[in-house]
Amino acid sequence: MFSHPEPLMNDPLLRTEAVSKTYRTPDHHGRLVLDHIDFTLRDGEIVAILGKSGSGKSTFLRVLAGLVPPNEGLVEYRGINVTQPVRGIAMVFQSYALFPWLTVLGNVELGLEALGISGAERRRRAVSAIDLIGLDGFENAYPKELSGGMRQRVGFARALVVDPDILLLDEPFSSLDVLTAETLRGDLLDLWDDRRIPTKGMVIVSHNIEEAVEIADRILIFSSDPGRIRAQIPISLPRPRSSESAGFRQIVDQVYTLLTTEPGRDGRRGAKAEPIGIGFRLPDASVQQLSGLIENLTEAPYHGRADLPHLADEENLVMDELFPLIETLQLFGFAHVSSGDIELTALGRAYAEADMLARKQIFAEALLKHVPLAAHIRRVLDERPGHRAPAARFLRELEDHLSEEEAERVLDTVINWGRHAEIFAYDYDSEVLSLENF
Amino acid sequence: MEQRWGLPLIAWPSRLRPNLWDLVALPMVLGAIALIAWGGMAMSARYHVGEALSISLDPWRLPEYALRTVLRMVCALVASLVFSLVYAAIAAKSRQGEKILIPVLDILQSVPILGFLSITVTGFIALFPGRLLGVECAAIFAIFTSQAWNMTFSVYQSLRTVPAELIEAARMYHLSPWKRFWRLEVPHAIPSLVWNMMMSVSGGWFFVVASEAITVAGQTIMLPGIGSYIATAINQSNLAAIGYAVLIMFVVILLYDQLLFRPLLAWSRKFRADASADEDNIRPWFFVVLQRARLFDLVQAGVLELNRMIDAALAALARRRRSLVERRPRPELDRLFDIALLGLAAAAAVWIIAFIRETVDLAEIGWVFLLGLATAARVLILIAVASLIWVPIGVAIGLRPHVADRVQPVVQFLAAFPANLFFPAAVVLILRFALNPEIWLSPLMILGTQWYILFNVIVGTTALPLELQRAAQNLGVRRSLWWRRVILPAIFPAYVTGAVTAAGGSWNASIVSEVVQWGDTTLTATGIGAYIARTTAEGDSARIALGIAVLCLYVLAFNRLLWRRLYDLAAERLRLD
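Treat the numbers as computed from the prediction; the structure is a model and nothing was measured.

Enquirer: Residues and numbers for the overall build of chain B, please.
Expert: Regarding its fold elements, chain B presents 23 helices and four strands. For chain B, the residues scored as buried account for 45% of the 577 residues in total. For chain B, contacts bridging at least 24 residues in sequence account for 80% of all contacts bridging at least 6. When the accessible surface of chain B is split by element, carbon and sulfur atoms take 67% of a total near 30,200 Å².

Enquirer: Residue-level account of the pairing of strand S12 (residues 335-338) of chain A, with values.
Expert: Residues and elements named next belong to chain A. With four bridges connecting them, S12 and strand S13 (residues 341-344) associate as antiparallel partners. The residue bridging alanine 335 from the neighbouring strand is leucine 344, located in S13. Counting the residues in the hairpin turn of S12 and S13 gives two residues, including serine 339, whose phi is positive at 35°.

Enquirer: Quick one: what's the story with the sheet that holds S13 of chain A, residue by residue and with numbers?
Expert: All names here are of chain A. A sheet is described by the order of its strands in space; here three strands give the open sequence S11-S13-S12, paired in antiparallel fashion. What marks the edges here is a single partner per strand, and that holds for strand S11 (305-307) and S12. Within this sheet the neighbouring strands show an average axis-to-axis angle of 20°, counted without direction.

Enquirer: Account for the pairing of strand S8 (residues 201-205) of chain A, with residues named and values stated.
Expert: Residues and elements named next belong to chain A. Burial within S8 is extensive, with five of its five residues counted as buried. Burial along S8 is two-sided: Gly201, Val203 and Val205 and Met202 and Ile204, pointing in opposite directions, are all buried. As defined by bridge partners, strand S7 (residues 166-170) adjoins S8 across five bridges and the pair is classed as parallel. In the strand pairing of S8, aspartate 170 is matched with valine 205.

Enquirer: Can you tell me about the pattern of salt bridges, naming the residues and giving the values?
Expert: Within the structure shown, the criterion is met by 44 salt bridges over all chains. Ionic pairing is found between arginine 228 of chain A and aspartate 35 of chain A, a salt bridge with its closest N-O pair at 2.7 Å. Taken as a pair, arginine 228 of chain A in strand S10 (residues 228-234) and aspartate 35 of chain A in strand S2 (residues 30-42) lie far apart in primary sequence, 193 residues in all. Linking glutamate 211 of chain A and arginine 185 of chain A is a salt bridge whose minimum nitrogen-to-oxygen distance equals 2.7 Å. Here glutamate 211 of chain A, found in helix H6 (residues 209-215), pairs with arginine 185 of chain A, found in helix H5 (residues 178-193); they are 26 residues apart in sequence, far enough to count as distant. Residue class for glutamate 211 of chain A comes out buried when judged on its relative accessible area of 6%. One connected set of salt bridges, linked through shared partners, spans Arg62 and Asp170 of chain A together with Glu165 and Glu168 of chain B.

Enquirer: Explain the packing of helix H3 (residues 95-110) of chain B against helix H5 (residues 133-160) of chain B residue by residue, including any values.
Expert: Residue and element names in this part refer to chain B. One can describe the packing of H3 onto H5 by two numbers: an axis separation of 10 Å at closest approach and a directional angle of 145°. When you trace H3 past H5, the crossing you get is left-handed. For the pair formed by H3 and H5, the contact residues are Glu98, Ile102, Leu105, Asp106, Leu108 and Gln109 on the first element and Trp149, Asn150, Thr152, Phe153, Tyr156 and Arg160 on the second. In terms of residue class, the contact of H3 with H5 is built from six nonpolar, three polar and three charged.

Enquirer: Tell me what's going on with the packing of aromatic side chains, and back it up with residues and numbers.
Expert: Pairs of aromatic rings are described using the distance from one ring centre to the other and the angle between the two planes. Inspection of the entire model under this criterion finds 33 aromatic pairs over all chains. Where phenylalanine 332 of chain A meets phenylalanine 363 of chain A, the ring centres are 5.0 Å apart and the plane angle is 50°; that geometry is what we call tilted. On the criterion of sequence distance, the pair formed by phenylalanine 332 of chain A in the loop between helix H10 (319-331) and S12 and phenylalanine 363 of chain A in helix H12 (residues 356-370) is long-range, its members being 31 residues apart. Overall, phenylalanine 332 of chain A belongs to the buried group, its relative accessible area being 1%. Judged by relative accessible area, phenylalanine 363 of chain A falls into the buried class, the value being 1%. Taken together, a centroid distance of 5.3 Å and an interplanar angle of 50° make the contact between tryptophan 390 of chain B and tryptophan 451 of chain B tilted. Here tryptophan 390 of chain B is found in helix H14 (residues 362-398), whereas its partner tryptophan 451 of chain B is found in helix H19 (residues 450-463), with 61 residues between them in sequence. A network of ring pairs unites the aromatic residues Phe83, Tyr87, Phe124, Phe141, Phe144 and Trp149 of chain B as a single cluster. The positively charged end of arginine 185 of chain A is found above the aromatic ring belonging to phenylalanine 173 of chain A, 5.7 Å away from the centroid. Looking at arginine 195 of chain A, its charged tip hangs above the ring of tryptophan 192 of chain A, at a distance of 5.9 Å from the centre.

Reading guide: rules and limits
- Residues numbered from 1 in each chain as written.
- Chains lettered and ligands numbered in written order.
- Predicted model: local features only at pLDDT ≥ 70, side-chain atom pairs only at ≥ 80, totals over all residues.
- Heavy atoms only, no water.
- Helix = DSSP H or I, 4+ residues; strand = E, 2+ residues; numbered from the N terminus.
- Buried < 20%, exposed > 50% of the residue type's maximum accessible area, 1.4 Å probe, protein only.
- Contact = heavy atoms within 4.5 Å.
- Areas by Shrake-Rupley, 256 points an atom, 1.4 Å probe, with all protein chains shown as cover.
- Pairing = 2+ DSSP bridges.
- Axes fitted to C-alpha atoms, helices over the stretch in contact; angles between N-to-C directions.
- Salt bridge = Lys/Arg side-chain N within 4 Å of Asp/Glu carboxyl O.
- Left-handed = near helix turned anticlockwise from the far one by under 90°.
- Nonpolar A, V, L, I, M, F, W, Y, C, P; charged D, E, K, R; others polar.
- Phe/Tyr/Trp six-rings, centres within 6.5 Å; stacked < 30°, edge-to-face > 60°.
- Lys NZ or Arg CZ within 6 Å of the ring centre and 35° of its normal.

Rendered as C-alpha cells:
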C-alpha cells in the first residue's frame, strides 16, 4: 500500500541489501536483531526511522555507519562496500559524545586532524563550521560549560566540518528539552533547505513522531523482535510543514496506528492477539503511571476514548513514555487501539471506578491471565515446597529470549507488577521470590 | 613575514613566547635537569659488594641524602607510569592478555612490598656488576612495587569503561589506534590515574625509607638517602639525628604536596566530564605558575609534536602492512590456552612447594601459618581500634564543611609522612616504661595507615546530602538512633574504602614494625612480619619464600572473604543515589 514509485529521487547514495545482525547471548544462543533489511537512501533525501525499543533501529544506523558489521548482507556507499567507518559519512550522537577535555574548537578540529589536514586550514574550516552552527564566541569553552543544546551544536559542527555526503543522526534531539530541540531542528533544516551544507542525504533515528513527520521525506517504521521494515511512508508535504495542517495530522495518525498495533492486523478492532510467550518483551510501565492514565482517560475531555497524538500532547508524553503504557493497557485488556485512537474496555472502566483494593484484584487477575511470565513465576512458587525461588532462575530463562540487559529489565517490570498485585513477594537483599505473607 | 638577520626563522606562535612567569619556571626546570644528571652519575658510581658505604650523621649532608631519596622516588614513579599504561593497555585490549595479566596483578598486589626487595636484589646486582646501579635498581624496584599495581588497575578499569559513544565517535572520525589511545583512552583514564598515583606516592615514602638499607647475603648495603641516614642513626642510638631526619622529611613532603600533588590533582580535573564549576576554581599556586609560564606551553607543544610524528610513522607502517582481517573467536584455541595456563600455574606451585620443602619441614610451615594468624589478629584489632577513634572524629569534622576543607590537606599530608621515622621514638618509650612489645609494637603497624580511615570518613560525611540531615533533624532522630540509622549507613561505603587501604598498608608494615631496633636493643613481636624480617636478615631464601607466600595467602583470603563482601554490600545497599 506504500509502494509509490519515486520518480523525483535520484541515484542511490547508500544502500543495504538483506542486512541481518545477530547478537550472541551469554549461552551462545543467537538473538536476531535485524532481519534482512533492504534500504536505499537517495540523493537529496531525509529518511527517518521510527520503531519501538527492541526494533534494532539504533543498531541499523550503526550498520550504516560501518560501526557494527552485519552478519549477513551488504552495505554500499557510492559503490564502496562499507565494513568500517568511511569518509563521507558522519554521525551525530544522542549523548553528544564530546571529548570533555577538548574545547569546542578542539572537538571540532579532531575529525579534520585525523584526516591529516594541516594546522591553518584545519583552524579555518573548524571556525567556519562553528560559525555556521551558531557557536561563535564559544570556541574556547569546554563542553561542561555549555548547556545541552549548545553541546549538541558542537556535535553537529564536528559532523559537518568534514563536509559529509551523508549525515547519520542517532536521536540527536532526544536529550534536549522541547524548545531547545525545536530551535536546533529548525536551524538544521534551514541549513539543509538553503543548501548551505554539502550534505546530500540524512538518516535520522527518532522516537518523536511529529519530529519525524516534520523533517523526513520518507519514514521507515521498524517492527520489533526481530527488527524488520514494517512500512514506509513517503511524505511529500511542502516545507516548512505546519503541524496543524490536515495532511500532517493524517500522517501522524497513520504512524501512531502502525506503531501501536501488531503487524498484519492493522487497525482491525477486537482482533485477538496471538498468544505471547514467557520471553515476551514486557513494556516498561509502572503501575502508578498506568492507573494515572486510565483515570485521565475516563474523565473529560476523553470519556473513555482518545486520539493518540492528542493524548500524547495533552499528557506531555513522548513516544518512549506513551507507547509502553498503551501497550500494557492493551496487554492487560484494559484498552484497545484502532486507527490512531485508544478506547478503554469495560474492564478498564471497571478498574477506573474501583477502590484501591478492588483495583489490585483486577490488576492481579489481568496479570495472571495475560502475562505468561507472571503466571509462570506464580506456578513455580506454588509448586516448590518452600514456595521460594531465586530471581536468577527466571533471569536465566529470560536470557534465552532477550539480551542480558533486557532480561533484567523485563524481570524488574514483572516483579514490580507482581508485588503490586500481591501475587508474589520479592526480597531485594537475597534476590529471592516467594509467597511469604500471603 | 619580515626577514631578519640572525637565527633561521622558525614559526614561533605568540602563545609560546616567554613571559614573566618563565622567570619562576625556567630555574626550576634547569634545576631539575641538573639534579637528574647529578643523580644519574651518583647512582652509577663504582661499587663492589662487600664495600661499606659510609653514611654520615652530619645534618648538613641531609639535603643531599634527601635529594637522592627523592630521585629514587621519581624514577620509580616514571617506571610505574610507563608500566601501568603498557600493562593495562595489553590487558584491556587482548582477551588472552587479560586472562593472565589481571589475576597476576591481583596476586602481585597482595605480595608484601618489602618481600620483593629481598627476592630481587641479587638479580639486580648481577645485572650491573661493579656498579652501585644494581642496588639502586633494587631499591627503586621495591618502591615501584608499592606504586605500580593500583595505578595499573585504575588505568585498566578506565580503559574498560570508556563510554561507548565516545569510542564510536573516535571511530567515525577516523582516529588511528595510536591517536585513539592518547586522545581518548588515556585522557579518560587520567583523573583516576592521577588520584591513584598520588595515593601511591604518599604510600611510597614509607617504603623508600625502608628499602634504602638493603640486606644481601647477611650484609647490609646502605644507599645514600634518608632511609639509610635513619638506619645509621638507629644503630648509633642518635636521637638528635632522628629529629633532623624527621625535619627534612617534613620539608620534602611539603614540597611534594605543593609542587606535585596539588597541581596534578587540579590539572586532572580538566579530564573529568562531570566536574562542577566550583571545583574547577581550586587553583593551587604552583598550578597557576605552570599554566601561565610559556615554557610549559613549549614543552607541551614539543610533546604533542613528538606524538604526532610517532602517529605518522605508525600510519605509514600500517599502510605497508595490509589491514588485518577481523579475527574470529576460536573457542577451541581459547580452551587450549586456558589449559596451558592452568598447567603452568600448577607447575609453578609445585616448584615453589618443592623449593620450600627442601629446607623447611611441615611443622615449621604450620608454625608460619600460626604466625600469620597472630599478625591477622593484630591487623583486625588495630583497624577496629582506629575505627573507634577516627570514625566519630571524622564525622564531627565532616559535618562542619569549613573545618573539613582545612583538615583534609593536613590528613593527606599525614598519610604521606613515613611513619617509620617515628619507630625509634616508640622503642624508646617502650624501653623507658618497660612495656610489653607484643602489644605495644602493634600500633606501629597502623601509625601511617590510620589516616586513610579518617580521610574517607570525612569524605563520606561531607557527601551526605544536606536534605537527609535536615530530614533526620525534622524527624527528631538523635543520638544512638542517628548513628545507627543515619550516619553510619551513609558513610559505610567510604569507610570500607578507607579500612581496606589501611588494612593493606598494615599487612605491609608488619615486616618493619614487628621487629624494631634501637642501638643494640631489638624488640620483637610474634608474627609473620617478624618471621620475614628475620629470615631476610639471615638470607635464607626458602624461608623468605615461605613467609611471603603465607602472608600473600592471608592477604588474598582477607580480600576475598571480608573486604570484597563489604565492598559489594556497600555498593548494593548503601549507595547514596
